Amino acid sequence: MNNNVLFFLTPKAMCAYLYDDYTMRQALEKMETAGFAALPILNRRGEYRGTLTEGDLLWGIKNMCYMDIRQAEAHRIMEITRRRDNLPVRVTASMHDLVERAGRQNFVPVVDDKNAFIGIITRSAIIKYCSQRLFPED
């Protein structure tokens, strides 16, 4: 197996993500446009801050906006209680650490030594690679 996590990387320029100063409404619109159920959250310096899911947004709207979508413009996404953040790996992470994380989350954020977000590795990319190695005739 390839021992470099960068082999599997979807670079930041090709990723959908949210900024931590987005409102709930901006996050809803970005998630709808991107078509993903979970997106990484970055600060404006490009550092990884966490992961926001559709479920987190739904509960945030219910609990903070009382189901009034207009109030979603008044709340920042970092006010939302997130159930779980996707834990990142560093670019120097071992394949063992990467696969272990991917087993628990559908994508793994990748950060450099300054915690700057450089992209994601999807669980499906790892499975596809393994499948091609295990079943080369398919």
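Look up: the structure comes first, before these words.
Quick caveat, the model's predicted, so the values are computed rather than measured.

(A) How the structure looks around the overall build of the protein chain. For the protein chain, the helix and strand inventory stands at 4 helices and 7 strands. Put simply, the protein chain runs from its N terminus to its C terminus through helices and strands in the order β-β-α-β-β-α-β-α-β-β-α. Along the first, second and third principal axes, the C-alpha set of the protein chain runs to 55 × 35 × 25 Å. Relative to its 138 residues, the protein chain shows a buried fraction of 38%. The contacts of the protein chain with a sequence gap of at least 6 include a subset with a gap of at least 24, amounting to 54%. Here the protein chain has roughly 8300 Å² of accessible surface; of this, 52% comes from carbon and sulfur atoms.

(B) View of the packing of aromatic side chains. As enumerated under the stated definition, the model contains 6 aromatic pairs in all. Among the aromatic residues, those joined into a ring-pair cluster are Tyr-17, Tyr-19, Tyr-22 and Phe-117. Taking NZ or CZ as reference, Lys-30 lies 5.8 Å from the ring centre of Tyr-17, over its face. When the ring centre of Tyr-19 is taken as reference, the NZ or CZ atom of Arg-44 above it lies at 3.9 Å.

(C) Spotlight on the sheet that holds strand β4 (residues 48–53). Taken together, the 3 strands give an open sheet; going across it, the order is β2-β3-β4, and neighbouring strands pair in mixed fashion. Sheet topology places β2 (18–19) and β4 at the edges, where each strand pairs with a single neighbour. Sheet analysis places β2 next to strand β3 (residues 38–42), joined by 2 bridges and oriented parallel. Note that in β3 the partner of Tyr-19 across the bridge is Leu-42.

(D) Quick peek at the environment of Cys-130. By the secondary structure assignment, Cys-130 is in helix α4 (residues 123–134). Here Cys-130 falls in the partly exposed class, since its relative accessible area comes to 26%. As for Cys-130 and Glu-100, which are separated by 30 residues in sequence, their C-alpha atoms are 14 Å apart.

(E) Molecular detail of unusual backbone geometry. Positive phi, close to 70°, is recorded for Asn-115, a residue that is not glycine. Here Asn-115 lies in the loop between β6 (107–111) and β7 (117–122).

(F) Expanded view of the sheet that holds β7. Across the sheet, 4 strands lie side by side as β1-β7-β6-β5; this open sheet has mixed pairing. Whereas interior strands pair on both sides, the edge strands pair on one side only; in this sheet they are β1 (10–11) and β5 (89–90). Note: β5 against β6, 2 bridges, orientation parallel. By the bridge assignment for β6, Arg-90 is matched with Val-111.

(G) Broad picture of the layout of surface pockets. Computed from the structure, the largest pocket encloses a volume of approximately 200 Å³. As for the largest pocket, its lining consists of 13 residues, and the residues nearest its centre are Phe-36, Ala-38, Phe-107, Ile-120 and Thr-122. Mapped onto the lining of the largest pocket, the elements with two or more residues apiece are β3 and β7. No other element matches the 3 residues that β3 contributes to the lining of the largest pocket. Among the residues making up the lining of the largest pocket, the classes are represented as 10 nonpolar, 3 polar and no charged.

(H) Highlighting the nonpolar core. In terms of nonpolar packing, the biggest core is built from 26 residues, with Leu-18, Met-24, Leu-52, Leu-57, Ile-77, Ile-80 and Phe-117 touching the most fellow members. Listing elements by their share of this core, those giving two or more residues are β2, α1 (24–34), β3, β4, α2 (54–65), β6 and β7. With residues up to four places along the chain from it excluded, the contact list for Met-24 reads Leu-57, Gly-60, Ile-61, Met-64, Cys-65, Ala-72, His-75, Arg-76, Ile-77 and Ile-80. In this structure, Ala-93, Met-95, Leu-98 and Val-110 belong to the second largest nonpolar core, which totals 12 residues.

What counts as what
- Residues numbered from 1 in each chain as written.
- Predicted model: local features only at pLDDT ≥ 70, side-chain atom pairs only at ≥ 80, totals over all residues.
- Heavy atoms only, no water.
- Helix = DSSP H or I, 4+ residues; strand = E, 2+ residues; numbered from the N terminus.
- Buried < 20%, exposed > 50% of the residue type's maximum accessible area, 1.4 Å probe, protein only.
- Contact = heavy atoms within 4.5 Å.
- Areas by Shrake-Rupley, 256 points an atom, 1.4 Å probe, with all protein chains shown as cover.
- Phe/Tyr/Trp six-rings, centres within 6.5 Å; stacked < 30°, edge-to-face > 60°.
- Lys NZ or Arg CZ within 6 Å of the ring centre and 35° of its normal.
- Pairing = 2+ DSSP bridges.
- 1 Å grid on protein atoms, 1.4 Å probe; cavity = no way out; pocket = protein on both sides within 12 Å on 5 of 7 lines; lining within 4 Å.
- Points joined across faces, edges and corners; volume = space filled by probe spheres on them.
- Nonpolar A, V, L, I, M, F, W, Y, C, P; charged D, E, K, R; others polar.
- Core = buried A, V, L, I, M, F, W, Y, C linked by side-chain atoms within 4.5 Å.

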